[in-house]
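What follows is each chain in one-letter form.
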Amino acid sequence: MKPIAAKSAIVMIARSEIEGWYAGDRLMAAALFYPLPPIVPGERYVELAFACRPEFKKHLLPFLRAAELTRARLALNAPVRVRAMVRSGHRPGARLAALCDMVRLGSIGPFDQWEFEGRPHVQIHRRDRITVQRAGHVGG
């Protein structure tokens, strides 16, 4: 890795919120949510960087459930937009983005840009009158 790329990676890691997924005590995957300036005032905008081990595919269903909860947490108090850049032609990355309810917006150089946009939804449970926040997909 070139020195400038290494410095950029260190800054990105230092400023990111990081989530890890384990199988037992073995780290299987990690996601970094790097904060970006919002496109729409009041929204939270993050770039997602994701890395996983090849055997992670055995744990895909629990991961997708965890990803849904993570999106809900990110959009708890404000709209959220999550962007991921997937190398063009990288089928596993594109498949994972699609499974996480991201939509491909187009290409930028050698990468495809995928996004998820979510808003907090307030649901009132009639019996308990408890407000529950959850993130939902906005758009198609």
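Just so it is clear, the structure is predicted and the values come from calculations on it, not from any experiment.

Criteria and cut-off values
- Residues numbered from 1 in each chain as written.
- Predicted model: local features only at pLDDT ≥ 70, side-chain atom pairs only at ≥ 80, totals over all residues.
- Heavy atoms only, no water.
- Helix = DSSP H or I, 4+ residues; strand = E, 2+ residues; numbered from the N terminus.
- Contact = heavy atoms within 4.5 Å.
- 1 Å grid on protein atoms, 1.4 Å probe; cavity = no way out; pocket = protein on both sides within 12 Å on 5 of 7 lines; lining within 4 Å.
- Points joined across faces, edges and corners; volume = space filled by probe spheres on them.
- Nonpolar A, V, L, I, M, F, W, Y, C, P; charged D, E, K, R; others polar.
- Axes fitted to C-alpha atoms, helices over the stretch in contact; angles between N-to-C directions.
- Parallel < 35°, antiparallel > 145°, perpendicular 65-115°, else oblique.
- Core = buried A, V, L, I, M, F, W, Y, C linked by side-chain atoms within 4.5 Å.
- Buried < 20%, exposed > 50% of the residue type's maximum accessible area, 1.4 Å probe, protein only.
- Phe/Tyr/Trp six-rings, centres within 6.5 Å; stacked < 30°, edge-to-face > 60°.
- Lys NZ or Arg CZ within 6 Å of the ring centre and 35° of its normal.

What follows deals with the environment of Arg15. One can find Arg15 in helix H1 (residues 3-15). Residues Arg15 and Tyr34, spaced 19 residues apart in sequence, show a C-alpha to C-alpha distance of 6.4 Å. Not counting residues within four places of it along the chain, the set of residues in contact with Arg15 comprises Tyr34 and Pro35.

Now for the layout of surface pockets. Taken as a whole, the largest pocket spans an internal volume of roughly 870 Å³. What lines the largest pocket is a set of 36 residues, among which Phe50, Pro92, Gly93, Leu96 and Ala97 lie closest to the centre. Of all the secondary-structure elements, those providing two or more residues to the lining of the largest pocket are strand S2 (26-36), strand S3 (44-52), helix H2 (60-74), strand S4 (80-87), helix H3 (91-99) and strand S6 (111-125). For the lining of the largest pocket, the class distribution of residues is 27 nonpolar, 3 polar and 6 charged.

Moving on, we come to the packing of H2 against H3. Running from N to C, H2 and H3 cross one another at 50°; their axes reach a closest spacing of 10 Å. Relative to H3, the element H2 lies oblique. Each of Leu60, Phe63 and Leu64 in H2 lies in contact with H3, whose residues at this interface are Arg95, Leu96 and Leu99.

Counting residues in hydrophobic clusters, the biggest one holds 22 residues, and the most contacted among them are Phe56, Phe63, Val80, Val82, Cys100 and Met102. Where this core is concerned, the elements lending two or more residues are S2, H2, S4, H3 and S6. Aside from chain neighbours lying at most four places away, what touches Val82 is Val46, Leu48, Leu74, Met102, Trp114, Glu115 and Phe116.

Topologically, Glu43 is positioned in the loop between S2 and S3. Through-space distance from the C-alpha of Glu43 to that of Glu117 is 9.8 Å; in sequence the pair is 74 residues apart. Contact partners of Glu43, with chain neighbours within four places excluded, come to Pro38, Pro79 and Arg81.

What follows deals with the packing of aromatic side chains. Note on aromatic pairs: each is described by the distance of the centres and the angle between the planes. Scanning the model with the defined rule gives 5 aromatic pairs in all. Aromatic pair Phe56 and Phe63: ring centres 5.1 Å apart, planes at 75°, arrangement edge-to-face. Just as Phe56 is buried, Phe63 falls in that class too. In this structure an aromatic cluster arises from ring pairing among Trp21, Phe50, Phe56 and Phe63. Across the ring face of Tyr45, the terminal group of Arg81 is positioned such that the distance to the ring centre comes to 6.0 Å.

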